[in-house]
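An overview of the molecular structure
So the chains spell out like this:
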Amino acid sequence: MHFRISLLWIIYYIITMNNIPPVLRPAPPDADILPVVAARWSSRAFDSSLPVAFELMNKLFEAARWAPSAANNQPWRFLAFGPENPDALEKARSSLAGGNAWALAAPRLLFILTRTDRPGSDKVNPRAMYEAGMAAVQMALQATGEGLVFHQMAGFSEETVRKEFDVPENFAIITAAAVGWPGSVDTVPENRRNLETDIRERRSLSELVFTNGEVPAE
Ligand SMILES: Cc1cc2nc3c(=O)[nH]c(=O)nc-3n(C[C@H](O)[C@H](O)[C@H](O)COP(=O)(O)O)c2cc1C
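Since the structure is predicted, the reported quantities are computational estimates derived from the model, not experimental observations. (Residues numbered from 1 in each chain as written. Predicted model: local features only at pLDDT ≥ 70, side-chain atom pairs only at ≥ 80, totals over all residues.)

**Focus: the overall build of the protein**
Regarding its fold elements, the protein presents eight helices and four strands. Moving toward the C terminus, one meets the helices and strands of the protein in the order α-α-α-β-α-β-α-β-α-β-α-α. Out of the 218 residues belonging to the protein, those deemed buried represent 31%. Across the protein, contacts joining residues at least 24 apart in sequence account for 75% of those joining residues at least 6 apart. (Helix = DSSP H or I, 4+ residues; strand = E, 2+ residues; numbered from the N terminus. Buried ≥ 20, exposed ≤ 12 C-beta atoms within 10 Å, placed from the backbone. Contact = placed C-beta atoms within 7 Å.)

Right, here's the structure in full:
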């Protein structure tokens, strides 16, 4: 396992040294985890000239479909936009916040929704967001395995998406996701370019895991 993670690091350094887009920007080698989990990251650099086949998108949706949920409730839904319907794609793109303009280069844009009420009852599903998040991460990992960039965004107007596509009120529109093939770092707006190459950081396990009855202070 260590060997494979280290190999990912070597590939990463070779790629970045040559200034080719860092397709793989794995977590450091001390993260002894599945390579696909280590390799997933949120690039903003897309090759806008390379289409992503709908069949490939279906693999992402298929991965999401197999996520777990309480009572197998499966509240996740996906709005998928791409070149098959340029008008709808344009409307979908119009909802993006200015800070996410880099996502306009992605050939595909998704919205991850969740049904907030329980089917056949007026009760809310308190885990609806959580469950959709599980589906989203499965999709992100499948995308990583396929070599795709999968970048989720909260920076979009939920109101615009709801209005443009008549999304019913019992569906929350949680995140957008830009999907495409990795592109040159030069396509990323200058003020976001450092995010393509900065070392990825996370809180330490000691800040996250509490044993012996301790509880988080923050
Ligand atoms: C729910 C959610 C919302 C996010 N919103 C944005 C966003 O609007 N714009 C953006 O550039 N990145 C966004 N991101 C990406 C995060 O910044 C990124 O996941 C985080 O910095 C960790 O980096 P990594 O995904 O490369 O590991 C979002 C990620 C998630 C999961």
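**Some details on the site of the ligand**
Lining the immediate environment of the ligand, one finds Trp 41, Ser 42, Asn 100, Gln 152, Met 153, Ala 154, Gly 155, Thr 175 and Arg 200. In the shell around the ligand, the residues fall into three nonpolar, five polar and one charged. (Near = placed C-beta within 6 Å. Nonpolar A, V, L, I, M, F, W, Y, C, P; charged D, E, K, R; others polar.)

**Quick notes on the pairing of strand β4 (residues 171-180)**
Where strand β2 (residues 108-115) lies against β4, eight bridges are found, and the strand directions are antiparallel. Counted as the bridge partner of Arg 108 is Val 179 from β4. Bridge count for strand β3 (residues 149-153) against β4 is five bridges, and the pairing is antiparallel. Along β4, the bridge assignment pairs Met 153 with Ala 176. (Pairing = 2+ DSSP bridges.)

**Side note on the environment of Trp 76**
With respect to the element layout, Trp 76 can be found in strand β1 (residues 76-81). The class of Trp 76 is buried, set by 25 C-beta atoms lying within 10 Å. The sequence separation of Trp 76 and Tyr 130 amounts to 54 residues, and the corresponding C-alpha distance is 9.8 Å. Non-local contacts of Trp 76, meaning those with residues more than four positions away in its chain, are made with Ala 64, Ile 112, Thr 114, Glu 131, Ala 132 and Ala 135.

**What to know about unusual backbone geometry**
Where the residue is not glycine, phi is negative for most of them; where a peptide bond is considered, it is trans in most cases. Within the chain, Asn 72 stands out as a residue other than glycine whose phi angle is a positive 55°. Residue position: Asn 72 is located in the loop between α3 (54-65) and β1. Note on Asn 72: 7 C-beta atoms within 10 Å, which makes it exposed. In this structure, Gln 74 is a non-glycine residue whose phi angle is positive, near 50°.

**Some thoughts on the environment of Ala 172**
On the secondary structure map, Ala 172 appears in strand β4. Taking the C-alpha atoms as reference points, Ala 172 and Ala 128, 44 residues apart in sequence, are found 9.0 Å from one another. Apart from residues lying up to four places away in sequence, Ala 172 is in contact with Leu 113, Thr 114, Thr 116 and Met 129.

**Some details on the confidence of the model for the protein**
The predicted structure's coordinates, where accompanied by low pLDDT, should not be read in detail. Predicted confidence across the protein gives a mean pLDDT of 88, with 86% of residues reaching 70 or more. In this model, residues 13-23 is a region of pLDDT below 50 whose contacts with residues beyond four sequence positions or in other chains number 16 contacts. (pLDDT = per-residue confidence, 0-100.)

**Some points on the sheet that holds β2**
On the basis of which strands lie adjacent, the open sheet formed by four strands has the order β1-β2-β4-β3 and antiparallel pairing. Edge positions in the sheet fall to β1 and β3, since each has one partner strand and no second. Taken pair by pair, the neighbouring strands of this sheet meet at an average axis angle of 25°, ignoring direction. Sheet strands touched by helix α5 (residues 128-146): β1, β2, β3 and β4. Its angle to β2, the strand with the most contacts, is close to 150°. (Axes fitted to C-alpha atoms, helices over the stretch in contact; angles between N-to-C directions.)

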